[in-house]
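# Architecture and fold: a report
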Amino acid sequence: MVEVYSVTVDCTVTSRFAHTVMTSKAFNKANSSQEIFFEVELPKTAFITNFSMEIEGQVYVGEVKEKEKAKKQYEKAVSSGQTAGLVKASGRKMEKFSVSVNIAAESNVTFVLTYEELLQRKLGRYELLTRVKPKTLVQDFQIVTNIYEPQGISYVDTHATFLSNELLPLVEKTVTDRKAHISFSPTMEQQRKCPGCDGTLIDGDFIVSYDVKREKKLGDIQIVNGYFVHFFAPELPKLPKNVVFVIDISGSMSGRKMEQTREAMLAILQQVHEDDHFAIILFDSVIETWKDSLTKATKENITEAMDYIRRIYSREMTNVNGAVLTAVNMLVKDRQMERLPERSADMIILLTDGMPNEGESNIGKIQENVRTAIGGNMSLYCLGFGNDVDYSFLDVMSRQNKGLARRIFEASDAVVQLQGFYDEVASPLLLEVDMHYPDNAVDSLTTSHFSQLFNGTEIVVAGHLMDNDLDNFLVEVVGQGLEEDFRVQGQVSAADWDVFYPDEEYIFGDFTERLWAYLTIQQLLEKSKSGTPDEKANTTAKALDMSLQYSFVTPLTSMVVTKPETEDSTSSPLIADKLTEEQRQQAEKMAYNYIPAQSYPRHYQPAPTYFVDGDPHFMIELPDRGDALCFNINDKPGTIFNLVRDSNSGILVNGEIIGDKKTPPDGKINTYFWRFGIVHQTLGVRLEVSTEDISLFQDGKWVKLLWSDAASIKGSNVDLLVTKDRSLTVTLRDSVKFVILLHKVWKKHPYHRDYLGFYTLDSHLLSPDVHGLLGQFYHGINYEVADLHPGKVPEKPDATMYVKGQELNVTRGWQRDFRNDVKNGEIVPCWFIHNNGTGLIDGHVTDYIVSGLFKSV
């Protein structure tokens, strides 16, 4: 009964500064009030600057306040039972802004969200990412992007994750020397997923990438309304680099992480330039160096290093302090011995996935030790792998030492993430770059000294002109180049925007000032993480003042949105925050019900467990990934399903479901497994297990056992062990082991009955051809989970699972493993696959229905 009739995204990029307005209009067609939702995603690098709701002519506008003041309103709203938070992490790059409001019958609402960001140049291009998920067909849908670059546009490329061959021609692109216009506005029929259905194709990322012309060695300077911005990205020969790879091989890196690290390092070593020098240090509780000094990247040395990497494996604890100091000492010693080129860049790349727990483990002391040892003479880059790592520790330590930190997400593309980071720092062009401007003409400068400039990136400096009428001044850039010191200077003057864009209605007035403010706040926030307590307090106070002055939602501010009063409630505040990387990491841990990775000896890894229990809940536990998958199967009582079928070994397991005694008050009839049939044709074993008794056919005769007995049978082909009123362990000779649990319910319960749970152990002993509802997973399953976002229940987020060539919407939930506690069970977090496991299981659930307890069809 709610029609979203208009969704528009209007983005204007002016000299890399992007201003995006997302508007959604909806109409309540019902004859009663309805809750209407507005949900959009924005890049995590962007700052929200405005949000408003217009309801029947009344406009409600968000107000940016100091976070501590907004927090009091937030806590008051939460304590009264209201949901007050508007912003949540969404995947790696995005944040989700969501709000709902109660709208009267036959009324309209318009939502408008505005955000701004400075596009960063990476690998030779700028990227503008817009995520659109309207979830329904929209009468008026359009994305419009206008790019204004007085420096000149060299190319523009557009693509989207949802663009089919039919939608691709609908992207209109017009590019002139200094302007690009891109638009995409499909009709409702063109949005439609299939003829006659309401599903929409529009679901994903719309990406515009571009670069600008770089004809001036000095770079490009824009002067508008008393503020200037200087972009500097010259084309120069690359400097040799001296890189020490410091790799964590502690126990928590075992399994998939170690495999991906090996694969990434092998690819990276092949990319190391022959003029570079490199070294490899491995660490757990012991620090191991490949060689005692850095080595020139000859083909022979690269081949030898790759052989070394192929042999690494995970071991014990984590001595970060000792490992990094070893790398520093190696670079210092090689510099002193003049083994490295004089004009070259020294860097350390640290990869770790956990907390320091060997040697020096005090984080502050480690940071102090590393900073003292490096002494400003090299760069430290820290890569935090997975969710156990203390990202804040790595972030501060890298920034203290001319580097940066990056999270490497524990996913199937971790190798690509690691390679991508190396590509960004692989080609230094200049060292110790200083941007000089006249002291008597410019103040309020953003950072103007840069330790290094890498190929494909860009230096950006902005500032305030003390004389507003000044339209030209002298600029000088100096740095250390490949063969000699780099020095360039020149007189710059303001570009005439009216000449470049004579027909534009867009007012460019304050974009340089807002760009300067955005950049200044970002740099102040970085500085506030390190330094003395007084320095931290001063930079934080300044960043807060500027965030409030320019209405940016930053980690220090919040946007307070007051919802209108309704018949049922008074007006209530909603709070939009900016999440820090640490908060994003914490949210992921909570959303995943995260269990930190455990360290195991390399000869031992817990085996996966596959079971079905309860109302039938199927569970695949994967300890090597620290994860689990689950799904339910619902069918009418009396249905028999095939759980395991291995034609090579002659093993067959079927199970029959039973329903409640009668329909409960909620109308939902639960079904459970109450009878299993197990056959091993090769061994001549047939076993029937029900909630009443256990019958074994072996050596031509039947033997019956009762659950009320504590009994065991040791046969030539099968062993049975009954734990009274609790469990049956079935061990087939030289093969798999099954455990069947008995769940007893109070006999006079009005609805529920006794039921069984079925658990598989030693599943690896079955052949690769094993199948069935459980059996198909016995030899592993490849999947990837991404795009975590709020679900219907706050504590159970949804996500997108990529499995078997399909995209599934899954929900983070939990089931119980009753092996150790048959009464209460142990909670196991898992990704729940909806609709009877559709998309995860092969085929359809009906394909697994068989005609009898010992039948295969």
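Residues numbered from 1 in each chain as written. Predicted model: local features only at pLDDT ≥ 70, side-chain atom pairs only at ≥ 80, totals over all residues. Heavy atoms only, no water.

## Side note on helix 3 (residues 256-271)
With 16 residues, helix 3 extends 23 Å from end C-alpha to end C-alpha; this agrees with the ideal 22 Å at 1.5 Å per step. Considered for burial, the residues of helix 3 that qualify are Lys 257, Met 258, Gln 260, Thr 261, Ala 264, Met 265, Leu 266, Ala 267, Ile 268 and Leu 269. Tucked into the core, helix 3 has its buried residues touching strand 18 (241-248), strand 19 (277-283), helix 4 (299-310), strand 22 (345-352), strand 23 (379-385) and helix 8 (414-425). (Helix = DSSP H or I, 4+ residues; strand = E, 2+ residues; numbered from the N terminus. Expected span 1.5 Å × (residues − 1). Buried < 20%, exposed > 50% of the residue type's maximum accessible area, 1.4 Å probe, protein only. Contact = heavy atoms within 4.5 Å.)

## Section: the sheet that holds strand 14 (residues 179-184)
Spatially, eight strands are ordered 5-4-9-2-1-11-14-13 in an open sheet, and the strand pairing comes out mixed. A single partner strand is all that each edge strand has here, and the edge strands are strand 5 (58-61) and strand 13 (171-175). Neighbour-to-neighbour, the strand axes of the sheet open up by a mean angle of 10°, direction not taken into account. Here strand 11 (residues 140-148) pairs with strand 14 via six bridges, running antiparallel. When the bridges of strand 14 are listed, Thr 145 appears paired with Ile 182. Of the strands in this sheet, strand 1 (2-14), strand 2 (17-28), strand 4 (47-55) and strand 9 (108-118) touch helix 10 (residues 511-527), which is tilted by about 70° from strand 9. (Pairing = 2+ DSSP bridges. Axes fitted to C-alpha atoms, helices over the stretch in contact; angles between N-to-C directions.)

## Quick notes on helix 8
With twelve residues, helix 8 extends 17 Å from end C-alpha to end C-alpha; this agrees with the ideal 16 Å at 1.5 Å per step. Of the positions making up helix 8, those classed as buried are Ala 414, Val 415, Gln 417, Leu 418, Phe 421, Tyr 422, Glu 424 and Val 425.

## Describing the packing of helix 3 against helix 4
Interaxial distance between helix 3 and helix 4 falls to 10 Å at its minimum, and their mutual angle equals 175°. Considering the angle they form, helix 3 stands roughly antiparallel to helix 4. Across the interface between the two elements, Arg 262, Met 265, Leu 266, Leu 269 and Gln 270 of helix 3 pack against Ile 302, Ala 305, Met 306, Ile 309 and Arg 310 of helix 4. (Parallel < 35°, antiparallel > 145°, perpendicular 65-115°, else oblique.)

## Here's the deal with the side chain of Lys 257
Inspection of the secondary structure puts Lys 257 in helix 3. Once residues within four sequence positions are removed from consideration, Lys 257 is found in contact with Ser 252, Asp 353, Phe 385 and Glu 410.

## Some details on the environment of Ile 207
Positionally, Ile 207 belongs in strand 15 (residues 204-212). Taking relative accessible area as the criterion, Ile 207 reaches 9% and is therefore assigned buried. Each C-alpha atom of the pair Ile 207 and Thr 158 lies 5.8 Å from the other, and the pair is 49 residues apart in sequence. Setting aside residues no more than four positions away along its own chain, Ile 207 makes contact with Glu 127, Leu 128, Leu 129, Asp 157, Thr 158 and His 159.

## What about the sheet that holds strand 38 (residues 671-680)?
Pairing within the open sheet is antiparallel, and its seven strands lie in the order 41-40-39-38-37-36-51. Only two strands of the sheet have a single partner each, and these edge strands are strand 41 (701-706) and strand 51 (849-850). Across six bridges, the pairing between strand 38 and strand 39 (residues 685-690) is antiparallel. Across the sheet, residue Phe 676 finds its bridge partner in strand 39, namely Val 689.

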